[in-house]
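# Coordinate analysis (summary)
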Amino acid sequence: MAVGGAVKVDEFAPFPIKDQHPDIDFCVSSSPPWPEAILLGFQHYLVMIGTSVIIASIVVPLMGGGNVEKAEVINTLIFVAGINTLLQTWFGTRLPVVIGGSYAFIIPTITTALSTNNNNNNTNFMFLSPRQRFKHSMRAVQGALIVASFFQMIIGFLGFWRIFARYLSPLAAIPVVILTGLGFYAHGFPQLARCVEIGLPALLLLVLISQYVPHMMKSRCSTYSRYAVLLSVAVVWAYAAVLTAVGAYDNKSPLTQLSCRVDRAGLIGAAPWIRVPYPFQWGGPTFDAGDIFSMMGACFVAVVESTGAIIATYQFASATHLPPSVLSRGIGWLGIGTLIGGLFGTGNGSSVSVENAGLVGLTRVGSRRVVQIAAGFMLLFSVLGKFGAVLASIPLSIVAALYCVLFAYVASAGLGLLQFCNLNSFRTKFILGFSLFMGLSVPQYFNEYLLLSGRGPVHTGATWFNDIVQVIFSSPATVALIIAYFLDCTHSRGHSSTRRDSGRHWWAKFRNFGQDTRTEEFYALPWKLNRFFPSF
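Bear in mind the structure is a predicted one, so any value in this text is a computation, not a measurement. (Residues numbered from 1 in each chain as written. Predicted model: local features only at pLDDT ≥ 70, side-chain atom pairs only at ≥ 80, totals over all residues. Heavy atoms only, no water.)

### Digging into the overall build of the protein
Counting secondary structure elements, the protein contains 23 helices and 2 strands. On C-alpha atoms alone, the protein measures out to a radius of gyration of 23 Å, which is about the 24 Å that the 2.2 N^0.38 rule sets for 536 residues. When the backbone C-alpha atoms are referred to their principal axes, the protein occupies close to 80 × 60 × 50 Å. Out of the 536 residues in the protein, the part that is buried amounts to 57%. Partitioning the intrachain contacts of the protein with sequence separation of at least 6 by distance along the chain shows that 85% fall at a separation of at least 24. Accessible surface for the protein amounts to roughly 22,300 Å². Of this, 66% is attributable to carbon and sulfur atoms. One way to put it: in the protein the 35 positive side-chain charges average out to a point 4 Å from where the 22 negative ones average out. (Helix = DSSP H or I, 4+ residues; strand = E, 2+ residues; numbered from the N terminus. Rg over C-alpha atoms; globule rule 2.2 N^0.38 Å. Buried < 20%, exposed > 50% of the residue type's maximum accessible area, 1.4 Å probe, protein only. Contact = heavy atoms within 4.5 Å. Areas by Shrake-Rupley, 256 points an atom, 1.4 Å probe, with all protein chains shown as cover. Lys, Arg positive; Asp, Glu negative; His and termini not counted. Charge placed at Lys NZ, Arg CZ, Asp CG, Glu CD.)

Spelled out as structure tokens, the structure:
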């Protein structure tokens with residue numbers, strides 16, 4: 001501190017601000033050699049399986065389904081994810097994002113399934129077989145997803161999300177991206193600790209291969225670190241198979257066996273050898289207004305969390321900031337993905353896979369082609385049911401070990417946006433600190449209340465309204481966005497330094513598509529389609 005209270009400024013700051021990440025091996029428009037691209041694509045496929053298995057394992061039993069139905073839903077989820085990933089990389093944001101299932105849809109899906117069962121208690125529904133009850137519940141979920149998908153398409157294709165994005169500053173985006181990653185902490189170490197003798201070695205091996213091996217070895221071993229997920233999963237999965245074979249878990253509790261054994265998922269025996277998912281495979285959809293509104297709440301949360309994952313992905317892929325029109329276009333195609341999920345009967349909507357966004361950062365390969373190859377693996381192994389079931393039977397503690405690293409990478413992308421903001425401003429400190437704290441605190445309250453009482457803190461006579469509130473305020477990223485966006489747009493709005501403190505001037509040149517010539521390299525539609533579908 002200088003005399004008189006003046007702050008001394010370092011004129012030789014060693015870390016210049018960069019709007020493109022400089023330490024990436026392959027960006028969006030470049031690709032590694034084909035053998036490497038295929039391995040990296042398979043790695044993306046391996047990472048996205050976990051969420052599909054977890055979602056199906058939660059909702060299918062509540063619908064009345066067993067292992068056969070669970071295997072079919074998992075294959076359908078992965079098949080639709082392959083289609084939607086290709087559509088998003090071709091016509092959406094064109095970033096290397098994987099479109100998979102979302103935890104946000106679990107609550108409305110369960111509510112729809114339970115309400116369907118309760119509404120049919122006085123009919124012959126009680127005497128239906130479990131598979132028929134499952135189909136009946138799934139058809140109700142399908143109808144809700146089909147109609148709710150138009151909410152995402154409307155805010156995307158009609159430009160409402162573009163308007164929102166134009167007022168989104170780096171300051172307001174930071175809490176969203178950080179909590180898009182940190183918000184899934186419950187799927188990390190708590191799940192890993194259910195079988196710590198498998199999960200902890202997987203976590204340590206992943207960190208060792210990805211972070212330490214490249215610096216210890218001065219050869220091509222640094223290239224092999226890109227396959228840290230494949231190597232660590234293969235080694236620990238084999239270790240878990242040995243423990244299972246020697247009977248290490250024979251006398252353990254059912255929960256421990258489910259988390260540790262490699263033969264307890266029930267998918268390999270239940271999955272068919274070959275099965276191609278098709279639209280309306282469970283029958284024609286049924287429609288209920290309350291279920292539709294519940295799904296719309298989940299669709300909004302999926303849009304917010306997808307926005308956070310997309311911002312993280314373009315940083316890891318060394319692309320420029322996403323123009324608002326391109327982001328809105330991607331959200332529109334996300335709605336088409338939810339529509340396709342409803343038609344095929346996935347029991348879940350569509351969202352950008354957060355763990356795959358983290359994998360882009362871990363591998364430093366942001367190639368669009370790699371993710372498109374991953375989509376090919378999704379389509380292939382979802383049709384070859386037995387082969388896909390083998391990979392889907394990886395113990396969840398190993399999957400949780402991957403999440404500990406991949407979700408952390410997404411959170412770090414939010415921290416990377418701090419370079420655009422004035423951290424010496426107390427306005428900046430307040431907005432960041434308050435939105436991050438409330439983004440963690442509010443969902444904790446809603447989730448604890450639901451766990452203890454079996455219902456959310458809002459319990460009016462309208463179940464659909466209760467679900468909307470519960471889903472929105474159980475999402476850390478959504479709560480953080482609402483608070484940070486509102487404060488950034490209203491707090492000290494007329495002050496001369498507000499714009500620079502929020503970092504808006506850094507993103508101003510990307511406000512319109514083509515204003516910065518680099519945007520066309522990353523986000524222009526293929527086959528010169530921009531002439532017919534221009535971005536504004």
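Alright, that's what it looks like, and here's the rest.
### A look at unusual backbone geometry
One non-glycine residue with positive phi stands out, namely R94, at about 70°. With a phi close to 60°, S318 is a non-glycine residue in the positive phi region. Turning to its location among the elements, S318 is positioned in the loop between α12 (289-316) and α13 (324-344).

### Thoughts on the nonpolar core
By size, the foremost hydrophobic cluster in this structure holds 148 residues, and its most contacted members are Y45, L95 and I198. The biggest single contributor to this core is helix α1 (residues 34-63), with 15 residues. In this structure Y45 touches I78, A374, F377, M378, F381, G388 and L391, once residues within four positions along its chain are discounted. Residues I340, F344, V383 and L525 belong to the second largest nonpolar core, which totals 13 residues. (Core = buried A, V, L, I, M, F, W, Y, C linked by side-chain atoms within 4.5 Å.)

### Some words on the packing of aromatic side chains
How two aromatic rings sit relative to each other is set out by the distance from centre to centre and by the angle between their planes. Counted by the stated rule, this structure contains 28 aromatic pairs. Each ring, one from F446 and one from F473, has its centre 5.6 Å from the other, and the planes form 20°; the classification is stacked. A residue pair is termed long-range when its members are at least 10 positions apart, and F446 in helix α18 (residues 426-453) and F473 in helix α19 (residues 463-473) qualify at 27 residues. Overall, the relative accessible area of 10% leaves F446 in the buried class. (Phe/Tyr/Trp six-rings, centres within 6.5 Å; stacked < 30°, edge-to-face > 60°.)

### What about the pattern of salt bridges?
Under the defined criterion, the tally for this structure stands at 8 salt bridges. As a salt-bridge pair, E72 and R131 come within 3.2 Å of each other at their nearest N and O atoms. Note that E72 is positioned in helix α2 (residues 67-91) and R131 in helix α4 (residues 130-157), a separation of 59 residues in sequence. Relative accessible area serves as the criterion here: at 9%, E72 is assigned to the buried category. With a relative accessible area of 29%, R131 lands in the partly exposed category. Linked by salt bridges that have partners in common, E69, E72, R131 and R275 make up one network. (Salt bridge = Lys/Arg side-chain N within 4 Å of Asp/Glu carboxyl O.)

### Digging into a nonpolar patch on the surface
On the surface, F150, I154, L158, F160, I163 and Y167 cluster together into a nonpolar patch covering about 610 Å² of accessible area. Those elements that place two or more of their residues in the nonpolar patch are α4 and α5 (160-166). According to the relative accessible area criterion, I163 is partly exposed, its value standing at 48%. (Patch = residues over 30% accessible without salt bridge, like charges linked within 9 Å, V, L, I, M, F, W, Y side chains within 5 Å.)

In short, geometric facts, not functional conclusions.
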